[in-house]
Amino acid sequence: MASLKVEIVTPEAALWSGEATALMARSSEGQFTILPQHTPTVGDVVPGLVRVATVSGELGFCVHGGYFQVGPGDEPGVTRATVLAGVAERVSEIDVARAQAAKESAEAQLNTGAELDEAARALVLASLARAQLRLQLAAAR
Amino acid sequence: MAGGQERILRRRIKSVQATRKITKAMELIAASQIARSQARIVANRPYRQGMRRIIREAAAADPRAARKMLSTPEKVETALVVVIVGDRGLSGPYNSSALRAGDRLVHMLSHQGTKVRLVTIGKKAPAFFRFRGIDVEQSFTGFADRPTFADARAVASAVAAPFVAGEAQQVLLVSTRFHSAGNQSVEVEQLLPLSMPEDLEVSATSGLKGYTEFEPEVEQLLTELAPRALESEIFSALLEGAASFHTSQQRAMAAATDNADELGQTLSRIMNRARQDSITTEIMEIVGGAEALRSGK
């Protein structure tokens, strides 16, 4: 029987891996769903919610940008879908207080009007974007 | 007086024992860090492999775009050399062997007429190179023991900038690779252009081409992926460097503890002999004194 093996991987750890029925995420070209037997594909994943449907329910992952690859798995009939993300976490594990604090500190840094150089500003903006995404997904859970 | 030597010896034994306590503690700490840093290498493996798989797939699908991104230019005018060492010493040959390999590489490149720009990671590197009259363009410190992915990102962006701007045609990495707990070695690798596994040519012809779908297009994807792959490679080099550092430190400190044990034993033997000598001398003096008194009567 055709099956789908999904891995959500970050540099620090393999966040989740296991049998799934579908993988849903959004790339720069739009929303997509991966089912077993999906054609081999490589693409990007824009920051947002990545959903994994399994027989025992749906899991949500907060992915802060990354890439995915779909290809044949190690065994015949198995399709492997890998999501590679620099930063990602389970939606159920989002630390709202920490995200809120990160958001406020990033906003404070942007609002002081202090001259940030380009690189520092990019870092602050990235941190703000991550905090906002976490809060948004945590509110919807 | 013989007691003087005994006192000096007692002081030395005390100092050796104090040193032994420190080296033993460092040995235990390093040992506990080995397990953790090894676990991080294992945890990083799926990401690294996944990243390599994606790059390989993309490169196989569009060899022309890949060649531009991934192959070494014929003439390298300026090379950027990245050296990874530790923030702390007392780690056996860990720092010095990587530094020496870096030094050799810099000399070899300058000998070939290539300009070298140096970026170092670890507190031990800048002093070493400055002492040898080699300029360090940028040095990162403070995270060699426990690197995070954000650290790798910072290094990657610093390293990629001159390459993207065309100021450097090649980026080389000197770091210690962790093969196993008993086997680490200093290796020089090419970071940019991304060096790909040798099987790239094979997979490019094995029919993968035109089979995999890409969104967005391969060329754009490769351009975006290259910095991510660089981060991934640097991160794993940092993790392996940290694990090698802890292993090397544990080994060095275990040897130091053994030496302290041996030295302490030798010194306490000498001290016991000195004490016995002084007791013997004292008895002889007392007996001699008594004899003299008796015969004087």
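What counts as what
All residue numbers here refer to positions counted from 1 along the written sequence of the relevant chain. Here chains are named by letter from A upward and ligands by number from 1 upward, in the order in which they appear as written. Side-chain atom pairs in this predicted model are given and counted only at pLDDT of 80 or more, local residue features only at pLDDT of at least 70, and totals for whole chains, interfaces and linings cover all residues. Water and hydrogen atoms play no part in the side-chain values, which are based on all heavy atoms of the structure. An automatic or database domain assignment supplies the start and end points of every domain. Accessible area that two parts lose when put together, evaluated with a 1.4 Å probe and summed over both, is termed the buried area. A pair is scored as a salt bridge if a Lys or Arg side-chain nitrogen falls within 4 Å of a carboxyl oxygen belonging to Asp or Glu. Helix and strand definitions follow DSSP, with helices as H or I runs of at least four residues and strands as E runs of at least two, each counted in order from the N terminus. Polarity classes work like this: nonpolar for Ala, Val, Leu, Ile, Met, Phe, Trp, Tyr, Cys and Pro, charged for Asp, Glu, Lys and Arg, and polar for all others, with Gly in that last group. Contacts were defined at the residue level, with two residues in contact if any of their heavy atoms lie within 4.5 Å. Burial classes: relative accessible area under 20% of the type maximum marks a residue as buried, over 50% as exposed, and values in between as partly exposed (1.4 Å probe, protein chains only). What we call a nonpolar core is a set of buried Ala, Val, Leu, Ile, Met, Phe, Trp, Tyr and Cys residues that are connected through their side-chain atoms within 4.5 Å. Aromatic pairing here means that ring centres of Phe, Tyr or Trp (its six-membered ring) are within 6.5 Å. Orientation follows from the plane angle: under 30 degrees is stacked, over 60 is edge-to-face, and everything else is tilted. Two thresholds decide whether a charge sits over a ring: the Lys NZ or Arg CZ must be within 6 Å of the ring centre and within 35 degrees of the ring normal. Every axis corresponds to a line fitted to the C-alpha atoms, with the helix fit spanning only the stretch in contact, and the corresponding angles, defined between N-to-C directions, vary from 0 to 180 degrees. Angles below 35 degrees are treated as roughly parallel, those above 145 as roughly antiparallel, those between 65 and 115 as roughly perpendicular, and all remaining angles as oblique. Each crossing is labelled by how the near helix is turned from the far one, with a counterclockwise turn of less than a right angle marking it left-handed and a clockwise turn marking it right-handed.

A. Fine view of the domain arrangement of chain B. Residue and element names in this part refer to chain B. You can read the domains of chain B as domain 1 (3–26 + 253–290) and domain 2 (31–252). Summarising the inter-unit geometry, the C-alpha centres of domain 1 and domain 2 are found 51 Å apart. Contact between domain 1 and domain 2 buries roughly 450 Å² in total, counting both sides, with carbon and sulfur atoms accounting for 53%. Per-residue buried area on domain 1 facing domain 2 is highest for M26, M253 and A254; these three make up 90% of the total on that side. Applying the counting rule to domain 1 against domain 2 returns 0 salt bridges. No other element matches the 4 residues that helix 7 (residues 218–296) contributes to the side of domain 1 that touches domain 2. A breakdown of the residues in the side of domain 1 that touches domain 2 according to their chemical character gives 5 nonpolar, no polar and no charged.

B. A look at the interface of chain B and chain A. With 24 residues of chain B in contact, the opposing surface of chain A contributes 25 residues. When chain B packs against chain A, close to 2200 Å² is buried across both sides, 59% of that on carbon and sulfur atoms. For chain B, the biggest contributors to the area lost against chain A are Y47, R53 and E215 of chain B; these three give 30% of the whole. Of the charged contacts, one joins E12 of chain A and R40 of chain B as a salt bridge, the two residues approaching to 3.0 Å between their closest N and O atoms.

C. Spotlight on unusual backbone geometry. Note that the residue after L192 of chain B, namely P193 of chain B, is joined by a cis bond; omega there is -10 degrees. Mapping P193 of chain B onto the fold places it in the loop between strand 5 (183–192) and helix 6 (200–205). A positive phi angle, close to 75 degrees, is found at Q37 of chain A, a residue other than glycine. With respect to the helices and strands, Q37 of chain A occurs in the loop between strand 4 (30–34) and strand 5 (41–45). On the basis of relative accessibility, which here comes to 55%, the residue Q37 of chain A falls in the exposed class. Look at L90 of chain B: it is not a glycine, yet its phi comes out positive at around 50 degrees. Along the chain, L90 of chain B falls in the loop between strand 1 (78–84) and helix 3 (94–111). Residue classification places L90 of chain B among the exposed residues on the basis of a relative accessible area of 56%.

D. A look at the nonpolar core. Ranked by size, the top nonpolar core spans 46 residues in total, and within it I121 and I234 of chain B carry the most contacts. Within the residue set of this core, elements represented by two or more residues are helix 1 (3–61), strand 1, strand 2 (115–121), helix 5 (149–164), strand 4 (170–180), strand 5 and helix 7 of chain B. For this core, the element with the most residues is helix 7 of chain B, which contributes 13 residues. When neighbours within four sequence positions are excluded, I121 of chain B is seen to be in contact with V82, V83, I84, V85, F140, F143, V155 and L238 of chain B. In this structure, A25, V52, F61 and A81 of chain A belong to the second largest nonpolar core, which totals 21 residues.

E. Representation of the packing of aromatic side chains within the structure. Residue and element names in this part refer to chain B. Inspection of every chain in the model, using the stated rule, returns 7 aromatic pairs over all chains. Centre to centre, the rings of F149 and F235 are 5.3 Å apart; their planes meet at 85 degrees, and the pair counts as edge-to-face. Of this pair, F149 sits in helix 5 while F235 is found in helix 7, placing the two residues 86 residues apart along the sequence. Grouping residues by exposure puts F149 and F235 together as buried. An aromatic cluster is defined as three or more aromatic residues linked by ring pairs; in this entry it consists of Y47, F149 and F235. Above the plane of the ring of F128 lies R132, whose end atom (NZ or CZ) is 3.8 Å from the centre.

F. Here's a closer look at the domain arrangement of chain A. Residues and elements named next belong to chain A. Split into domains, chain A comes out as domain 1 (3–92) and domain 2 (95–140). Taking only C-alpha atoms, the centre of domain 1 and the centre of domain 2 are 26 Å apart. In this assembly, 9 residues from domain 1 lie in contact with 4 residues from domain 2. In this assembly, domain 1 packs against domain 2 so that about 530 Å² is buried in total across both faces, 77% of it on carbon and sulfur atoms. Interface area lost by domain 1 to domain 2 is led by C62, H64 and V91, which between them contribute 56%. Summed over the shared surface of domain 1 and domain 2, the result is 1 salt bridge. Two residues, E89 and R134, come together in a salt bridge whose shortest N-O distance is 2.9 Å. Those elements that provide at least two residues to the side of domain 1 that touches domain 2 are strand 6 (48–54) and strand 7 (57–63). Classifying every residue of the side of domain 1 that touches domain 2 by side-chain character gives 6 nonpolar, 2 polar and 1 charged.

G. Highlighting the environment of E6 of chain B. All names here are of chain B. In this fold, E6 is placed in helix 1. Along the backbone, E6 and R273 are 267 residues apart, and their C-alpha atoms lie at a distance of 9.2 Å. Beyond its immediate chain neighbours, meaning those up to four positions away, E6 contacts M271, R275 and S278.

H. Structural detail: the pattern of salt bridges. All names here are of chain B. For the structure shown, the criterion picks out 20 salt bridges over all chains. With its nearest N and O atoms 3.6 Å apart, the salt bridge here joins E240 to R48. Residue E240 is found in helix 7, and its partner R48 is found in helix 1; the two are separated by 192 residues along the sequence. Taken individually, E240 and R48 each receive the classification buried, so the pair is uniform in this respect. Across the pair E137 and R117 runs a salt bridge, and its minimum N-O distance is 2.7 Å.

I. Structural context of the packing of helix 5 of chain B against helix 7 of chain B. Residue and element names in this part refer to chain B. Between helix 5 and helix 7, the least distance of the axes is 8 Å, while the angle of their chain directions is 125 degrees. With respect to helix 7, the element helix 5 is oriented oblique. Judged by the twist between their axes, the crossing of helix 5 over helix 7 is right-handed. Counting all contacts with helix 5, which are made through F149, A152, R153, V155, A156 and A160, the residues of helix 7 involved are L230, E231, I234, F235 and L238. Within the contact of helix 5 with helix 7, the residues separate by chemical class into 9 nonpolar, no polar and 2 charged.

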